[in-house]
Amino acid sequence: MIAVTTATRWKAVTMSAPYPSDSPPDIYEPSRGDDPYETYRLLRAHFPILLDTRRPEGMYPHAQMGTGDRYLVSRFTDIHGILRDHENFSNQRRGTLPPGPQPSREEWRGNLIGDDPPRHGMIRQMVGSALTPRSMLALEPVIRRTVVAMIEGFDSAEGVDFAPRLAIPLPLWMIAYLLGVDDGEMEHFRKWSFASDPQHWRIYNESRGTADSADPEPERTAALAEFYEYFDAAVEARLDSGVDDLVSRLAAGQQKVGEDAFTRQELLQVIHLLLLGGNETTANLLTLVFNKLADEPGLWTRMRGDRSLVDKVVEETMRWDSPVQSIGRRVVRDTEIGGVAIAAESSLVLLLGSANRDERVFDRANQFALDREASHIGFGFGIHFCVGAPVTRLEVAIVLNELLDRYATMERTGEAKLAGTAPLGLLSESRRLRGYGQLPLRFSA
Ligand code: HEM
């Protein structure tokens, strides 16, 4: 094991193939965020465990989980090993909390993704039981109807901006539906989804022309409080109602384990997590899939002739251009990763987008290929593997099939802009997510 001392720090983390310079590339240079894959390649080759000395504010904040140093981990095998070892690498973190007095770190018990075992398993069972591939069968016709309604008019001569027309509203509708939100409440639900984050709230207000408010914070927290009130009442109404849906399963599960083990407030935080976890991620995936298809028109034609390629295109996009580019873990005790000693309380930025392009695991890693055997880790791996993966896969496959049924060609009509740079978009500025906020396309029969 290599000991990391101040004097040997860079050396200790640069034990791979020689790099032309002693210091690593400036990973925070803005253009590296727009196209991160060459940077990832350099990191994997020369700095697979990179001590992140700069840590600019707003970059990878979700992975800042420990109080010590921060490392970027870029190789598949290291990340896979970390995700498998939840005893040494904790996912406990504070999620988005409702307005009001905030618990201390010791008091905070997590919200599923922020929980470690055994608590994680208890909550995961409640959520997972309502989102199995089997339960998706009942969902399919409902999603299909909604997609068909949303793609009406997609064949207009001037084309459509795929991001605001379909990729952004569909996943939001999907989560609302899963959570039993009435159609009449959709506009509120949309507002609540933006209220979870100050930057999203700014975008929401800009899109409605209401961005001038001197201090947007009180309105944002009021919207968040509305979300919690709405679902508190919804949970109450579900108890003993005979309804069988995601919220009723959570409500019944919480009653069974009792308030000491899992409070009503914590249940509401899990509902909030579902809203956050399933919305922007799926919207990003939809834009990444269609952006790739716009670059390879031959693929559209092939898929029309062979629908078994649809699922392959979805999985390969998850690998080739992962919507969730990075996740975090906290180092529980002194350990070693890839031959480097890492102290307890360090934070790890696990670069999923890099792992999925690792040439040590994926043959022709930079090529978009539909004949792959190796699995990607775009939905994570291990106990926190994405509970919404079946929903997302179904949703994207339905969109593809419905559009393939109707249109012989699909082409780009203007510049695609990464989310965060588009006027109404989703944010990728923190380098957590990747997707397009603007994607002009034309579909023709
Ligand atoms: C393209 C779409 C999606 C991507 C790329 C994605 C990605 C991920 C990843 C990487 C994780 C693991 C996080 C970690 O280990 O720290 C995760 C977990 C999770 N995802 Fe997703 N997700 C997507 C869609 C969804 C949807 C649709 C939902 C909700 C219906 C959802 C809800 C969750 C939840 C609740 C967890 C935490 C699971 C646990 O801790 O046991 N996700 N997701």
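This write-up is about the structure you can find in this document. Remember, predicted model here, so these are calculated numbers, not experimental data. (Residues numbered from 1 in each chain as written. Predicted model: local features only at pLDDT ≥ 70, side-chain atom pairs only at ≥ 80, totals over all residues. Heavy atoms only, no water.)

## Concerning the sheet that holds strand E2 (residues 70–73)
Strand pairing in a sheet takes place through backbone hydrogen bonds and is either antiparallel or parallel in direction.
Here comes step 1: Taken in spatial order, the five strands line up as E1-E2-E8-E5-E3 in an open sheet, and their pairing is mixed. Only two strands of the sheet have a single partner each, and these edge strands are strand E1 (49–51) and strand E3 (89–90).
Here comes step 2: Sheet topology places E1 next to E2; three bridges connect them, and they run antiparallel. In the sheet register, Leu51 faces E2, and the bridge partner there is Tyr71.
Here comes step 3: Of the strands in this sheet, E1, E2, E3, strand E5 (326–331) and strand E8 (347–351) are in contact with helix H4 (residues 76–84), which crosses E8 at around 125 degrees. (Pairing = 2+ DSSP bridges. Helix = DSSP H or I, 4+ residues; strand = E, 2+ residues; numbered from the N terminus. Contact = heavy atoms within 4.5 Å. Axes fitted to C-alpha atoms, helices over the stretch in contact; angles between N-to-C directions.)

## What about the environment of Asn88?
Here comes step 1: The topology assignment puts Asn88 in the loop between H4 and E3.
Here comes step 2: Residue classification places Asn88 among the buried residues on the basis of a relative accessible area of 18%.
Here comes step 3: Among residues more than four places away in sequence, those in contact with Asn88 are Arg330, Val331, Val332 and Arg333.
Here comes step 4: A polar atom in the side chain of Asn88 sits 2.8 Å from the side chain of Asp85. (Buried < 20%, exposed > 50% of the residue type's maximum accessible area, 1.4 Å probe, protein only. Polar contact = N/O pair within 3.5 Å; in protein donor to acceptor, adjacent residues only side chain to side chain.)

## Describing the sheet that holds strand E9 (residues 409–412)
Here comes step 1: An order of E4-E12-E9 is seen for the three strands of this open sheet, with the pairing classed as antiparallel. The open sheet has two edge strands with one neighbour each: strand E4 (160–161) and E9.
Here comes step 2: As paired elements, E9 and strand E12 (residues 440–444) share four bridges and run antiparallel to each other. Across the sheet, the residue bridging to Glu411 is Arg442, located in E12.

## A few points about the nonpolar core
Here comes step 1: Formed by 92 residues in total, the largest nonpolar core has its most connected members in Phe162, Phe189, Phe290, Leu400 and Phe443.
Here comes step 2: Among the elements that make up this core, the one with the highest residue count is helix H13 (residues 264–295) (14 residues).
Here comes step 3: Contact partners of Phe189, with chain neighbours within four places excluded, come to Leu172, Ile175, Ala176, Leu179, Val181, Phe227, Phe231 and Leu275.
Here comes step 4: Listed in part, the 23 residues of the second largest apolar core include Phe89, Val324, Ile337 and Val340. (Core = buried A, V, L, I, M, F, W, Y, C linked by side-chain atoms within 4.5 Å.)

## Considering the pattern of salt bridges
Here comes step 1: Applying the stated criterion to the full structure yields 29 salt bridges.
Here comes step 2: Salt-bridge contacts for Glu187 lead to Arg190; the nearest nitrogen and oxygen are separated by 3.3 Å. One end of the pair, Glu187, and the other, Arg190, are both in helix H9 (residues 186–195), three residues apart, so they sit about a helical turn from each other.
Here comes step 3: Ionic pairing is found between Arg364 and Asp363, a salt bridge with its closest N-O pair at 3.1 Å. (Salt bridge = Lys/Arg side-chain N within 4 Å of Asp/Glu carboxyl O.)

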